[in-house]
Amino acid sequence: MRITKLIVKNFMAYKGVHEIDFTVPKHSPLILFLGENGHGKTTVQHACKWCLYEETKEKNERIPAVSLVNRKALAESDGNQNLEMSVEMEWEESGDTYNLKRTFEPLSQGLPVPRARLRINGDNPVPVSAIPAYVQRFLAKEISHFFFFDGETQDEFDKMTSNHNSAAFIRSEIEKSLSIPVISDGINWLEQKQSEESAALIKANLHNDKMRKAGIALENARKELNTIQQEGLLQVARLQEANTRIEILEGQVSNIEEAQQLNEEISELKGRVAILRDKRNEKLSLIKDHLGDFFWVPLAPRLHDIYQSLSQDILKAEKIVQANQSIHARISLLEQLRKQDKCPLCDSVYEITISTILDEISKLKSDLESNEIVDVAKLRAKLRDFESFGFKYEAYVTVRDLQKDFDADGADLAIATQNLDDRQSQLSLYGNTDIQNVVISMKALVAEAEVANKNIEQYKSDEVEVRKRITKLESDIGKGISPQKRISHNAFAYLVNLFVEAKEDYVTLVRKQVETYASETFLKIISDKKYSGLQINENFGVELLLPDGSVDPLRSTGQGKVSTIALVSGLIRTAMDEGFILMDTPFVSLDLGHRQAVCKWAVESGFKVSLFMHSGEFIWERDHSFFGDSVGKVYRIRKIDNDESTIELETA
Amino acid sequence: MESSSPKNIMVSDRANEVCDVLRKLGYFSDALEAYRTALCLAISLNLEVDTTLKMPNNKWDTAAVFRSEGKNIESLMLLLGYKPEEIVPQGKLLAEAGLKYLDEKRLANVDILSIIAGAK
């Protein structure tokens, strides 16, 4: 399936007619739609979905047709009954061109309902009742999410592909798009024919006692098979019911995991707040104890400066005292010299004259006079005064550090309290839903779904057993008839077995094929090289595979997104000759490395990929090199006002 | 050290009340501690004093406030350059100013511990 054209008229943000041409050269298959949030990117996807399925949803709520009509067009129509909203989509498949147009006239008389028209190769329209089957054949509604890929609803995909029970309901639709039901139809037809043939043979040979007994046993076995199949269907219904109720519960709490996470965070924050309060109280108590003893704390820095200054003055004064003492000693020596003519120590005769000695004494006395006379004792007494009011600078440092810690704890406490308030406010947004009860109900439903799954498996196994018995009985009946008729009769049994086995093989083969393709894509995109690929389970759930064959239980949002893209890629490559994918905000929750890897994948995948991006994730002027020359077209989506947007081809 | 100050320390109604509140809040084990700390805070923050303040409460003995052993404010003020004769009269006004300041901050929900310990 290859979309070639989309024409929207008065649809949501698009007033009047807007045409998007999806045809691009083969070597540049990418189409980019660039526009800010709220400008109309997602509207293009809404248009595709509404055209194909007559419904589109927002936040899991179906949007009524009347709400899809452009408000400006509606306001300006002045009640004109011919006002039309329409979406026309054209696609090609196996050489044929399909044109589907869905129209809605909101102001028409009576109850306005959408109308659809499908033309194949421009011929007369196909019957309206056949349109859903055609659409379903090309793109099953249940798996359309994969092709109209919305990065903003990644959580939904993540759940679908990681939860076996949730994924079960899409399995049958995936299988449909992979042609598996054709084989099931063949089996049913053959069984019906075989049953009719057996019934005819038994009726014709009622005189044969052995055959009559085998016939009764066969009839019982068929009844048993019928019962098993009915029970199996009941279990499938039970499973679907459980899954539906799980979805409803999920809707009630909108995101139960987030609420649980919030509860856990609140509990953790409460603990943190209590610890910080205790720590603060402890420090507060210590600070108060110190303050009681050290009333001088407010003046401590100034007092410390005075103390330091005094200590230095004392040192300086002591040095002066020492210097003066030394001068006095020299003067005393020189005075003695002046009285003698030779040295009192060595008896040698002085060569210096008396006048020189007197000069020296005079100079020393002058030095002595110039030295400031400081009362060291007074200074020391002042220093001792500090003791009179118990000054200890270290004590001040302790109080100051305690105060700093106290303030830091206070800041942490304020942040923790703010976070706690925020979380509690967020939790209150979940309304009156009792999360605990929802969790309990959810667990019960998951358990019920698991039981249903087990029962389905059991009924499948019982079905195989009964089928074997039927085959044996059919064979017994065959023994009682002529060789020619026996060949004809046994041929049905042979074909049924052949088809049943073929179906099992085919399903496994297809799943393996999807797994191979998905793994190739996954390994190309994922930056964490510890993985060896993906494992697709029988419900098409995705698990991350490690080299030793085990699966990685951890799965981040980014990994979930990458694995979903890989699954989609695997499905498209397996199911379609020419795949397409419309990805809305594809880079949400992906880092730069993964963004580039997704771009590379989009270029190399061979699909026609249309990406809808806002400036927060992609800026053409800055990031166009991500795609090389593979961009076929760039459309720019702009908002004119709240009720009108335009979509224009910017680069072709 | 002798001074010419009166024997009793008189305090204003507000200072009397603030000392009591701070004690009750657990910041100080007795009112005198609050008084001394407030005095130091006022010097530290260079608070303006109110010379017209009425101080009708005869609260403590001068020696107990200014010359208590190990908590001698007189020595402290002399070190800071106050003249002996102005220690008691000026000290009383400073303590009043400090208590008023603490009370205002407390009423404004400001953490007074950080004011005391963080004062420069």
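Residues numbered from 1 in each chain as written. Chains lettered and ligands numbered in written order. Predicted model: local features only at pLDDT ≥ 70, side-chain atom pairs only at ≥ 80, totals over all residues. Heavy atoms only, no water.

Chemist: Lay out the overall build of chain B with the relevant residues and their values.
Modeler: A tally of regular secondary structure across chain B gives six helices and two strands. Counting the 120 residues in chain B, one finds 50% classified as buried. (Helix = DSSP H or I, 4+ residues; strand = E, 2+ residues; numbered from the N terminus. Buried < 20%, exposed > 50% of the residue type's maximum accessible area, 1.4 Å probe, protein only.)

Chemist: Hey, could you go over the overall build of chain A for me, with residue numbers and the actual values?
Modeler: Scanning chain A from N- to C-terminus turns up 19 helices and 16 strands. By the burial criterion, 44% of the 652 residues in chain A qualify as buried. Contacts in chain A between residues far apart in sequence, at least 24 positions, make up 70% of those at least 6 positions apart. A total of about 34,200 Å² of accessible surface is found on chain A, and carbon and sulfur atoms cover 51% of it. (Contact = heavy atoms within 4.5 Å. Areas by Shrake-Rupley, 256 points an atom, 1.4 Å probe, with all protein chains shown as cover.)

Chemist: Can you break down the nonpolar core residue by residue, with the values?
Modeler: In terms of nonpolar packing, the biggest core is built from 88 residues, with Leu-6 and Phe-627 of chain A touching the most fellow members. With near-sequence residues (within four places) excluded, Leu-6 of chain A lies in contact with His-18, Glu-19, Ile-20, Phe-22, Val-44, Ala-47, Cys-48, Val-87, Glu-88 and Met-89 of chain A. (Core = buried A, V, L, I, M, F, W, Y, C linked by side-chain atoms within 4.5 Å.)

Chemist: Break down the interface of chain A and chain B for me, citing the residues and quoting the values.
Modeler: The interface of chain A with chain B comprises 27 residues on the first partner and 28 residues on the second. Note on chain A versus chain B: buried area summed over both sides is about 2,300 Å², and carbon and sulfur give 69% of it. At the junction of chain A with chain B, the criterion picks out zero salt bridges. Counting every contact that joins chain A to chain B gives eight residue pairs in polar contact (both at pLDDT 80 or more). At the level of secondary structure, the elements contributing two or more residues to the side of chain A that touches chain B comprise α10 (256-293), α11 (300-339), α13 (376-388) and α14 (393-428) of chain A. Split by residue class, the side of chain A that touches chain B holds 17 nonpolar, four polar and six charged. (Buried area = accessible area lost by both parts, 1.4 Å probe. Salt bridge = Lys/Arg side-chain N within 4 Å of Asp/Glu carboxyl O. Polar contact = N/O pair within 3.5 Å; in protein donor to acceptor, adjacent residues only side chain to side chain. Nonpolar A, V, L, I, M, F, W, Y, C, P; charged D, E, K, R; others polar.)

Chemist: Could you give me a rundown of the pattern of salt bridges, with the residues and numbers involved?
Modeler: All names here are of chain A. Under the defined criterion, the tally for this structure stands at 34 salt bridges over all chains. Its salt-bridge partner being Lys-72, residue Asp-641 comes within 2.6 Å of it at the nearest N-O pair. Of the two residues, Asp-641 sits in strand β15 (residues 631-641) while Lys-72 sits in helix α3 (residues 71-76), which places them 569 residues apart along the sequence. Ionic pairing is found between Lys-72 and Glu-644, a salt bridge with its closest N-O pair at 2.8 Å. You can see Lys-72 sitting in helix α3 and its partner Glu-644 sitting in strand β16 (residues 644-651), a full 572 residues away along the chain. Relative accessible area serves as the criterion here: at 21%, Lys-72 is assigned to the partly exposed category. The class for Glu-644 is buried, based on a relative accessible area of 14%.

Chemist: Go over the sheet that holds strand β10 (residues 533-536) of chain A with me, naming the residues and quoting the values.
Modeler: Residue and element names in this part refer to chain A. The three strands lie next to each other as β10-β11-β12, forming an open sheet whose pairing is antiparallel. Of all the strands in the sheet, just β10 and β12 (551-552) have a single pairing partner and so form its edges. Summarising the sheet, β10 and strand β11 (residues 542-545) pair through four bridges and their orientation is antiparallel. Bridge pairing links Gln-535 to Glu-543 in β11. (Pairing = 2+ DSSP bridges.)

Chemist: For a nonpolar patch on the surface, give the residues involved together with the corresponding values.
Modeler: All names here are of chain A. On the surface, Tyr-494, Leu-495, Leu-498 and Phe-499 cluster together into a nonpolar patch covering about 360 Å² of accessible area. Counting through the fold element by element, Tyr-494 comes out in helix α16 (residues 483-525). Judged by its relative accessible area of 55%, Tyr-494 falls in the exposed class. (Patch = residues over 30% accessible without salt bridge, like charges linked within 9 Å, V, L, I, M, F, W, Y side chains within 5 Å.)

Chemist: Any details on the sheet that holds strand β8 (residues 115-120) of chain A? Residues and values, ideally.
Modeler: Residues and elements named next belong to chain A. The antiparallel open sheet is built from five strands, whose spatial order is β2-β1-β6-β7-β8. Strands at the two margins of the open sheet, each flanked by one partner only, are β2 (14-21) and β8. Strand-to-strand twist in this sheet, taken as the mean axis angle between neighbours without regard to direction, amounts to 10°. As defined by bridge partners, strand β1 (residues 2-11) adjoins strand β6 (residues 85-93) across seven bridges and the pair is classed as antiparallel. Across the sheet, the residue bridging to Ile-7 is Glu-88, located in β6. Across the sheet, helix α1 (residues 41-53) lies against β1, β2, β6 and β7 (96-104), angled at about 80° from β6, the strand it touches most. (Axes fitted to C-alpha atoms, helices over the stretch in contact; angles between N-to-C directions.)

Chemist: How would you explain unusual backbone geometry if you had to name every residue and give the values?
Modeler: All names here are of chain A. Positive phi is not limited to glycine here, since Asn-10 has a value of about 50°. On the basis of relative accessible area, Asn-10 is assigned to the buried category, the value being 8%. Even without a glycine there, the phi angle at Glu-54 is positive, about 60°. In this structure, Glu-54 sits in the loop between α1 and β4 (57-58).

Chemist: Mind laying out helix α5 (residues 87-107) of chain B, listing which residues take part and the relevant values?
Modeler: For α5 of chain B, with 21 residues, the first-to-last C-alpha span of 30 Å sits near the 30 Å given by 1.5 Å per residue. Looking one or two residues beyond α5 of chain B, the residue adopting positive phi is Asn-109 of chain B, at roughly 65°. (Expected span 1.5 Å × (residues − 1).)

Chemist: Before we move on, could you go through the confidence of the model for chain B and cite the residues and values that matter?
Modeler: Residue and element names in this part refer to chain B. Model confidence for chain B is summarised by a mean pLDDT of 86, while 92% of its residues fall at 70 or above. The element-level mean pLDDT for chain B is lowest in helix α6 (residues 112-118), coming to 79, with α5 highest at 93. Residue range residues 1-5 is modelled with pLDDT below 50. Its contacts to residues more than four positions away, or to other chains, number ten contacts. For this predicted complex, the interface score ipTM comes out at 0.89, alongside a pTM of 0.47. (pLDDT = per-residue confidence, 0-100.)

Chemist: Describe the packing of aromatic side chains, and please don't skip the residues or the numbers.
Modeler: Aromatic ring pairs: the centre-centre distance and the angle between the two ring planes describe each pair. Taken as a whole and judged by the stated rule, the model has 16 aromatic pairs over all chains. A ring pair is formed by Phe-389 of chain A and Phe-391 of chain A, whose centres lie 6.4 Å apart and whose planes are at 55°; its orientation type is tilted. Given a relative accessible area of 0%, Phe-389 of chain A falls into the buried group. According to the relative accessible area criterion, Phe-391 of chain A is buried, its value standing at 12%. Here the aromatic residues Phe-294, Trp-296, Tyr-307, Phe-386, Phe-389 and Phe-391 of chain A are joined through ring pairs into a cluster of three or more. Here the guanidinium or amino end of Arg-36 of chain B rests over the ring plane of Phe-295 of chain A, the centre of that ring lying 6.0 Å away. (Phe/Tyr/Trp six-rings, centres within 6.5 Å; stacked < 30°, edge-to-face > 60°. Lys NZ or Arg CZ within 6 Å of the ring centre and 35° of its normal.)

Chemist: Can you explain the packing of helix α2 (residues 31-44) of chain B against α5 of chain B? Please cite residues and give values.
Modeler: All names here are of chain B. The geometry of α2 relative to α5 is characterised by a closest axis approach of 7 Å and an angle of 95° between their N-to-C directions. Regarding the angle of α2 to α5, the classification is roughly perpendicular. On α5, the residues that touch Ala-34, Tyr-35, Ala-38, Leu-39, Leu-41, Ala-42 and Ile-43 of α2 are Gly-91, Lys-92, Leu-94, Ala-95, Gly-98, Leu-99, Tyr-101 and Leu-102. By residue class, the composition of the contact of α2 with α5 is twelve nonpolar, two polar and one charged. (Parallel < 35°, antiparallel > 145°, perpendicular 65-115°, else oblique.)

Chemist: Residues and numbers for the side chain of Thr-37 of chain B, please.
Modeler: The topology assignment puts Thr-37 of chain B in helix α2. Not counting chain neighbours up to four residues away, the residues in contact with Thr-37 of chain B comprise Leu-291, Phe-295 and Pro-298 of chain A together with Phe-28 and Ile-116 of chain B.

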